[in-house]
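Structure assessment
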Amino acid sequence: DTAVSQTPKYLVTQMGNDKSIKCEQNLGHDTMYWYKQDSKKFLKIMFSYNNKELIINETVPNRFSPKSPDKAHLNLHINSLELGDSAVYFCASSQGGPAGDTGELFFGEGSRLTVL
Amino acid sequence: SQQGEEDPQALSIQEGENATMNCSYKTSINNLQWYRQNSGRGLVHLILIRSNEREKHSGRLRVTLDTSKKSSSLLITASRAADTASYFCATDSGRGSTLGRLYFGRGTQLTVWP
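Once a new chain begins, its residue numbering starts again from 1 and follows that chain's sequence as written. Lettering for chains starts from A, numbering for ligands starts from 1, and both go in the order in which the items are written. Given that this is a predicted model, residues contribute local features only at a pLDDT of at least 70 and side-chain atom pairs are listed and counted only at 80 or more, while totals for whole chains, interfaces and linings are drawn from all residues. Only hydrogens and water are set aside; all other atoms, that is, all heavy atoms of the structure, feed into the side-chain values.

Okay, the overall build of chain A next. Think of it this way: any DSSP run of H or I at least four residues long counts as a helix, any run of E at least two long counts as a strand, and we number them from the N terminus. Of the regular secondary structure elements, chain A holds 0 helices and 11 strands. Written out in order from the N terminus, the α and β elements of chain A read β-β-β-β-β-β-β-β-β-β-β. Only C-alpha atoms enter the radius of gyration; for comparison, a globular chain is expected to reach 2.2 Å times N to the power 0.38, where N is the number of residues. Over its C-alpha trace chain A gives a radius of gyration of 14 Å, about what one expects of a compact globule, namely 13 Å for 116 residues. Principal-axis analysis of the C-alpha atoms places the extent of chain A at approximately 45 × 30 × 30 Å. In chain A, buried positions account for 46% of the 116 residues. Only protein chains enter the area calculation, which uses a 1.4 Å probe; residues under 20% of their type maximum are buried, those over 50% are exposed, and those in between are partly exposed.

Right, dumping it as structure tokens:
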């Protein structure tokens with residue numbers, strides 16, 4: 001069984017369009033994340049949710065809107081896509097470390113978005 | 001920023017050799033983690049080392065942490081072609097850091113030739 005699954009794996013779309021990426025985890029974790037990996041492999045956090053509550057919003061343009069209908073799902077909707085949005089978007093989840101710090105993250109396989 | 005930086009950016013070795021990758025960071029941490037990413041795949045957690053630990057082992061992996069130098073190293077012994085991947089370190093920002101905010105570097109691309 002896939003622990004963190006995200007769909008679609010590939011997205012090719014025109015500038016100005018709106019698209020969504022869905023993510024689900026079956027690990028029972030409380031916290032879910034969206035990360036963005038650029039063409040130079042730099043991985044940066046965008047959002048995190050803990051039990052459906054937004055915890056981190058890392059100065060992402062408000063064209064990006066995460067939605068967490070329950071703690072097993074975290075979707076990402078992107079409005080008015082721009083060329084610079086082309087990247088690989090990773091969903092991840094974690095339960096947190098025993099010391100209350102951030103423990104191991106479990107990543108999905110990524111969704112490669114190409115904006116033409 | 002706290003962003004970790006891996007060194008070298010790329011490493012090419014023969015099977016059976018050891019591979020050493022380094023990570024430097026800027027502020028205090030609670031823990032440091034190493035991840036592996038195969039081409040076109042998601043990141044997979046390898047090992048977590050806490051700020052009060054100096055060394056940790058997991059199979060062929062050995063991680064060291066020097067908080068005075070704000071650096072860590074990942075050693076893969078007796079490398080195999082299947083170890084070919086990008087390796088990333090990730091850190092939080094220590095006491096009071098927001099749960100889940102990890103800072104990743106750009107990774108070291110390891111190529112192991114058969």
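We are not done yet, so read on.
We now examine the sheet that holds strand E6 (residues 55-58) of chain B. All names here are of chain B. If you walk across this open sheet you meet the 5 strands as E1-E3-E8-E7-E6, and the pairing is antiparallel. Looking along the sheet, the strands with just one partner apiece sit at the ends: strand E1 (5-7) and E6. With strand direction ignored, the average angle separating the axes of adjacent strands in the sheet is 20°. Two strands pair when backbone bridges link them, and strand E7 (residues 61-66) and strand E8 (residues 71-76) are joined in this way by 6 bridges, in the antiparallel orientation. Across the sheet, Asp66 pairs through a bridge with Ser71, a residue of E8. When DSSP locates at least two bridges between a pair of strands, those strands are taken to pair. Throughout, an axis means a line fitted to C-alpha atoms (over the contacting stretch in the case of helices), and angles, computed between N-to-C directions, take values from 0 to 180 degrees.

This paragraph deals with the interface of chain B and chain A. Contacts are assigned to residue pairs that have any heavy atoms within 4.5 Å of one another. Contacts between the two partners involve 25 residues from chain B and, on the opposite side, 27 residues from chain A. Regarding the contact of chain B and chain A, the summed buried area is about 2200 Å², with carbon and sulfur atoms giving 50% of it. Salt bridge, as applied in this entry: a Lys or Arg side-chain nitrogen positioned within 4 Å of an Asp or Glu carboxyl oxygen. Linking chain B with chain A are 1 salt bridge, by the criterion used here. Residue Arg41 of chain B is joined to Glu109 of chain A by a salt bridge in which the shortest nitrogen-to-oxygen separation is 2.2 Å. Whenever a nitrogen or oxygen atom comes within 3.5 Å of another N or O atom, the pair is scored as a polar contact, on the condition that within protein one atom can donate a hydrogen and the other can accept it, and that pairs from neighbouring residues in sequence are kept only if both atoms are in side chains. The interface formed by chain B and chain A holds 6 residue pairs in polar contact (both at pLDDT 80 or more) in total. Looking at the side of chain B that touches chain A, the elements that each hand over two or more residues are strand E4 (31-37), strand E5 (43-50) and strand E9 (85-91) of chain B. Note: buried area is the sum, over both parts, of the accessible area (probe 1.4 Å) each one loses when the two are combined.

A pair of cysteine sulfur atoms is labelled a disulfide when the two atoms are within 2.5 Å. Applying the stated criterion across every chain yields a total of 2 disulfides over all chains. The side chain of Cys23 of chain A participates in a disulfide bridge whose partner is Cys91 of chain A; the two sulfur atoms lie 1.8 Å from each other. Because the sign of the S-S torsion sets the handedness, a value of about -80° for the bond joining Cys23 of chain A and Cys91 of chain A places this disulfide among the left-handed ones. You can see Cys23 of chain A sitting in strand E3 (residues 19-25) and its partner Cys91 of chain A sitting in strand E9 (residues 87-94), a full 68 residues away along the chain. When sorted by exposure, Cys23 of chain A lands in the same class as Cys91 of chain A, which is buried. With its sulfur 1.9 Å from that of its partner, Cys23 of chain B forms a disulfide with Cys89 of chain B. When the S-S torsion is 65°, as for the bridge of Cys23 of chain B with Cys89 of chain B, the disulfide is right-handed. Here Cys89 of chain B lies in strand E9 and Cys23 of chain B lies in strand E3 (residues 19-24), a separation of 66 residues in the sequence. The pair formed by Cys23 of chain B and Cys89 of chain B is uniform in burial state, with each residue classed as buried.

A word on the sheet that holds strand E7 (residues 64-70) of chain A. Residues and elements named next belong to chain A. Pairing is antiparallel across the open sheet formed by 4 strands, whose spatial order is E1-E3-E8-E7. Single-partner strands in this sheet number two, and they are strand E1 (4-7) and E7. Each neighbouring strand pair of the sheet contributes to a mean axis angle of 15°, computed without reference to strand direction. Bridge analysis of E7 against strand E8 (residues 73-78) gives 5 bridges, and the strand direction is antiparallel. Paired with Lys67 across the strands is Asn75, a residue of E8.

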